[in-house]
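Architecture and fold: a report
Here's the letter readout for the chains.
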Amino acid sequence: VKRKEEVHLPLVAGILCADTFDSYDDDGERRELLPAHLPLLRSAAFVMGERLAGARFRVLQLQRVRALATLRAVVEDGAVVIDVAEMAAVAAVRVGLPGKEWGVMVGVVETEDRIRWTDYGAPNEAKNSRPQSYVMTQGARLEGAHTFDDEDLARLTRLTRSSLEKTEVMQAQTSSVLYPRTVQVAVPVVLRVAGKEAGLVSALLYLYKGSDVTHESFEFDDAAQLYVSDVSALLARVMLPPLLAIGRALRVHSYHACGAEGESDVLWVAVMDIARKYCSTPENVTFSIALLLSDSAGSIMEAVAAETHMPPATRDSKRNTKSGDKGFQKHAKGERFSKDTAPEHFIALSAAEVVHNDADLRVALLDTNMAPFGVLQLTSANISPTLDSLVLQSVAEGAAAAYAQIEFKRKMSIVMEGAVATLVRTMQLPYAYGAFSDPSGAQLMAASASIAKNTKYSSLTVSQRIPANTLSSLCCFNVYLGDKVIAHIGTDKAALDAVQIANFQTPPSDRLKQLATQLSSVADQVCNEGVLPLRFLSFADDSPDKEPLAAAHGSFEHTLAEHRLLRTHLVVAKYNAALRSVESCPYRSLLDSVRKVGKPIDVDVQRIVQAVMYLLGQTDNEVSVWGKCRKLVPPFLTKEMSIINVRQKVEARQYSLAAQALEGLTEGDVGFDSGPSALAFYQWLRVMLDLRVEAIQGRLGAMKYAYS
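Residues numbered from 1 in each chain as written. Predicted model: local features only at pLDDT ≥ 70, side-chain atom pairs only at ≥ 80, totals over all residues. Heavy atoms only, no water.

1. A word on the overall build of the chain
From N to C terminus, the chain includes 23 helices and 19 strands. Counting across all 708 residues of the chain, residues that qualify as buried make up 46%. Look at the contacts in the chain between residues 6 or more apart in sequence, and 63% of them connect residues 24 or more apart. For the chain, the accessible area works out to roughly 36200 Å², and carbon and sulfur atoms hold 53% of it. (Helix = DSSP H or I, 4+ residues; strand = E, 2+ residues; numbered from the N terminus. Buried < 20%, exposed > 50% of the residue type's maximum accessible area, 1.4 Å probe, protein only. Contact = heavy atoms within 4.5 Å. Areas by Shrake-Rupley, 256 points an atom, 1.4 Å probe, with all protein chains shown as cover.)

2. Thoughts on the pairing of strand β13 (residues 372–380)
Counting buried residues along β13, 8 of its 9 residues qualify, which places the element largely inside the surrounding structure. Summarising the sheet, strand β12 (residues 360–366) and β13 pair through 7 bridges and their orientation is antiparallel. In the sheet register, R362 faces β13, and the bridge partner there is Q377. Taken together, β12 and the strand that follows it, β13, pair antiparallel across an intervening segment of 5 residues, in which M370 is found at a positive phi of about 60 degrees. (Pairing = 2+ DSSP bridges.)

3. Details of helix α6 (residues 242–255)
Between its first and last C-alpha, α6 extends 20 Å over 14 residues, near the 20 Å set by a 1.5 Å rise per residue. Buried residues of α6: P242, A245, I246, G247, R248, A249, L250, V252 and S254, and no others. Among the structural elements, α2 (82–96), β1 (102–111), α7 (263–278) and α10 (385–427) are those in contact with the buried residues of α6. (Expected span 1.5 Å × (residues − 1).)

4. What about the packing of helix α13 (residues 508–529) against helix α15 (residues 569–583)?
For the pair α13 and α15, the least separation of the axes is 9 Å and the interaxial angle reads 125 degrees. Between α13 and α15, the interaxial angle falls into the category oblique. In terms of crossing hand, the pair formed by α13 and α15 is right-handed. Facing α13, whose interface residues are L515, Q518, L519, S521, V522, Q525, V526 and E529, α15 presents H569, L570, A573, K574 and A577. Class assignment for the residues of the contact of α13 with α15 results in 7 nonpolar, 4 polar and 2 charged. (Axes fitted to C-alpha atoms, helices over the stretch in contact; angles between N-to-C directions. Parallel < 35°, antiparallel > 145°, perpendicular 65-115°, else oblique. Left-handed = near helix turned anticlockwise from the far one by under 90°. Nonpolar A, V, L, I, M, F, W, Y, C, P; charged D, E, K, R; others polar.)

5. Focus on the pairing of strand β14 (residues 431–437)
Judged by how many residues are buried, β14 sits mostly within the fold: 7 of 7 residues are covered. Taking the residues between adjacent antiparallel strands as the criterion, β14 and strand β15 (residues 443–450) are bridged by 5 residues, where G441 takes a positive phi near 95 degrees.

6. Section: the packing of aromatic side chains
Summed over the entire model, instances satisfying the criterion amount to 6 aromatic pairs. Where W117 meets Y206, the ring centres are 6.2 Å apart and the plane angle is 70 degrees; that geometry is what we call edge-to-face. Here Y206 lies in strand β7 (residues 200–209) and W117 lies in strand β2 (residues 114–121), a separation of 89 residues in the sequence. Of the two residues examined, W117 and Y206, each falls in the buried class. Residues W268 and Y403 carry aromatic rings whose centres are separated by 5.0 Å and whose planes lie at 35 degrees to one another, so their mutual orientation is tilted. Of this pair, W268 sits in helix α7 while Y403 sits in helix α10, and the two are 135 residues apart along the sequence. For W268, a relative accessible area of 2% corresponds to the buried category. A residue is classified by how much of its surface remains accessible, and Y403, at 7% relative accessible area, is buried. The ring of F436 has K409 sitting right over it, with the charged end atom 5.6 Å from the ring centre. (Phe/Tyr/Trp six-rings, centres within 6.5 Å; stacked < 30°, edge-to-face > 60°. Lys NZ or Arg CZ within 6 Å of the ring centre and 35° of its normal.)

7. Some remarks on the confidence of the model for the chain
A residue-level look at the chain finds 83% of positions with pLDDT of 70 or above and a mean pLDDT of 79. Mean pLDDT across the secondary structure elements of the chain bottoms out at helix α8 (residues 312–320), with 40, and peaks at strand β16 (residues 474–481), with 91. This model gives residues 1–9 a pLDDT under 50, and the stretch forms 5 contacts once residues within four places in sequence are excluded. Within the model, pLDDT remains below 50 along residues 309–329, and this stretch shows 38 contacts once partners closer than five positions in the same chain are excluded. (pLDDT = per-residue confidence, 0-100.)

8. A look at α2
Helix length check: α2 (15 residues) gives 21 Å between terminal C-alpha atoms against 21 Å at 1.5 Å per residue, within 8%. Considered for burial, the residues of α2 that qualify are I82, A85, E86, A88, A89, V90, A92, V93 and G96. The inward-facing, buried residues of α2 abut α1 (38–75), β1, β2, β7, α5 (222–235) and α6.

9. Focus: the sheet that holds β16
Strand order in this open sheet of 4 strands is β15-β14-β17-β16, and the pairing throughout is antiparallel. The sheet terminates laterally at β15 and β16, the two strands that pair on one side only. Between one strand axis and the next, the sheet turns through 20 degrees on average, direction left out of account. Pairing geometry for β16 and strand β17 (residues 484–492), over 8 bridges, is antiparallel. Looking at β17, one finds that L481 is bridged to K484.

10. With respect to the environment of G627
When you line up the elements, G627 lands in helix α19 (residues 626–632). Accessibility expressed as a relative area gives 35% for G627, which makes it partly exposed.

11. As for the packing of α7 against α10
Two numbers describe how α7 lies on α10: the axes approach to 10 Å, and their chain directions differ by 160 degrees. Judged by the angle between their axes, α7 and α10 are roughly antiparallel. As α7 runs across α10, the sense of the crossing is right-handed. Residues E263, S264, L267, W268, V271, A275 and Y278 of α7 form the contact with α10, whose own contacting residues are L387, V391, V395, A399, A402, Y403 and I406. Partitioning the contact of α7 with α10 into residue classes produces 12 nonpolar, 1 polar and 1 charged.

12. Remarks on a nonpolar patch on the surface
Judged by side-chain polarity, V81, V84 and M87 come together as a nonpolar surface patch covering roughly 240 Å² of accessible area. When you line up the elements, M87 lands in helix α2. (Patch = residues over 30% accessible without salt bridge, like charges linked within 9 Å, V, L, I, M, F, W, Y side chains within 5 Å. Salt bridge = Lys/Arg side-chain N within 4 Å of Asp/Glu carboxyl O.)

13. A look at the pattern of salt bridges
Enumeration over the complete set of coordinates arrives at 12 salt bridges. Of the charged contacts, one joins E302 and R336 as a salt bridge, the two residues approaching to 3.6 Å between their closest N and O atoms. Taken as a pair, E302 in strand β9 (residues 300–306) and R336 in strand β10 (residues 336–338) lie far apart in primary sequence, 34 residues in all. Since its relative accessible area comes to 46%, R336 is described here as partly exposed. E529 is paired through a salt bridge with K411; the nearest N and O atoms lie 3.9 Å apart. With E529 in helix α13 and K411 in helix α10, this residue pair connects regions lying 118 residues apart in the sequence. Given a relative accessible area of 1%, K411 falls into the buried group. Connected through salt bridges with shared partners, the residues E407, R410 and E562 form a single ionic network.

14. With respect to the state of the cysteines
Scanning all chains against the criterion turns up 0 disulfides. In this structure C475 is a free cysteine whose sulfur lies 6.8 Å from that of C476, the closest cysteine sulfur available. In this structure C475 comes out as buried when scored by relative accessible area, which is 17%. (Disulfide = S-S within 2.5 Å.)

15. Some words on unusual backbone geometry
The phi torsion at T167 lies on the positive side, around 50 degrees, for a residue other than glycine. Assignment of secondary structure puts T167 in the loop between α4 (150–166) and β5 (170–173). Positive phi, close to 55 degrees, is recorded for D358, a residue that is not glycine. Position of D358 among the secondary structure elements: in the loop between β11 (355–357) and β12.

Okay, here's the thing in structure tokens:
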């Protein structure tokens, strides 16, 4: 029997009508519609229909171009959250596929046998209902689904398998005589891996027939297929496989960090939320995070984040387990424990993989130097060792990377706080600031200093994005970590240009640029320190002969020691830069003439050499008489200068005598009268005297912060 062909009804866009009522010609005769007129009306209706169809297609093309541009702007934002990009993709699909009957689902491929679906429904349904989440396991079974019948579930399963295997758009025709243009479509979101021809399907877009089907059902043609493929290609930039998406979602929290208080607490909450989202049993799981406070013989850890509730299933598991309370250990936030009270945590701290113990999974948090600094714990009555171990490992890696960035920015904000204060003090600038750079290139305020309280920049606060119109009035230079821009240091452009300089003084813009370079060297040092807190008190005793004392992170002693050390990082960088400037000049002839007894020496050179000898620790009796002083000048003076430890506390009298020896000298006088070598030593001395002031202010600032 020959199969009867289906009748495809045309899409009716409108009706062309002709009415002859009260219609007369020029002679007054009534006009009537004749059969001969019908072909003319049909031709007019056909032309109008074609024009309407062309106009509708052109409008749809423009809408698709605009929707893709909007989606591209979202996914190109390095700090975008995956859920935001997912909703932007759904919105783009709805714009490009007009018709209220189209429902959209997004499925995340978690494992080979597990897909987590989010059903956004059709446009008319989305207004009145929230997206529903389903989990498809073993290729067919849906957990949490209540709206799928057997036919829809079979079609979803078939299209999903085909799309995953072939990594291409798959369609299922469900047309009927009444609704001939309705289809179901599965669109893979393919992540292209470098060096591999076949891509990795990280997610799926599923378009299905909604409940409100009308005669205006949109046909899914080749142009529509190409459009949804473009949407999936853009979404693939953000929609990574779960184990990669976890790390990206956590790193986003570090992008907006600026060293403010509480940023790490926000991160730990996000860590627990994301770990719950991807684990096997989100409704029956709890998490806790503990950080190492002391790695000495008596190691101590502190719980920095913990969920206080215990799911019923977990409580039952605790009662039924043979190991009793030892198999399920919970620590409240702020609780401290040692190896004796929580040995499982310290076992996980030194383990190279996830440690499974009854109802607990534990994994160590490692910094960039692969040094453990904490433990992430998952507790559940129904642990899936394979999936939950992979999820916990990925969460731990992402959390450690994000925390490392937050800690890095916290330390750098302390350094930049002293840097901007020095700019304002030494150059008499009305305002100076330090800011971090986010992935979009915007500047996020981290530290600022000003002479007056009310300036045009007073409204800018920490963590605030500096407006683009404000940046035009600022002069700033980049701070680098390797070849990546991480921060900016700047001031008001007009005020910088107004700074007056004397002969042989460095131009203000060059001084600002030098400061940015010095901050770059500090950034390298802070990054190499890692996440582990500096658990020593190098300033606990002013005597350099005593060994540093250990202190737990978070204590007053540790806070004071850490801030004192961080506030001297820039001091050391400036000192090294000044010393390199001296070593790069031809100073040998100058030192030979100074050490040669009986040869007359310029008075300015004498005063400069005496100031250097004061800072090297010589007494006033040995230096004040020039004949004695020149005999004490070592042949390798720069080596003696290089062993000065600018972090240590020194006698104020040494700097006072050096300042008195230089009193009245200027860079112009030394440069014109004594030459470049003497000028290099003079500039080194000025830097040393200024660093003395910075060191004192840094110690006071550290004390003020520690007591606060």
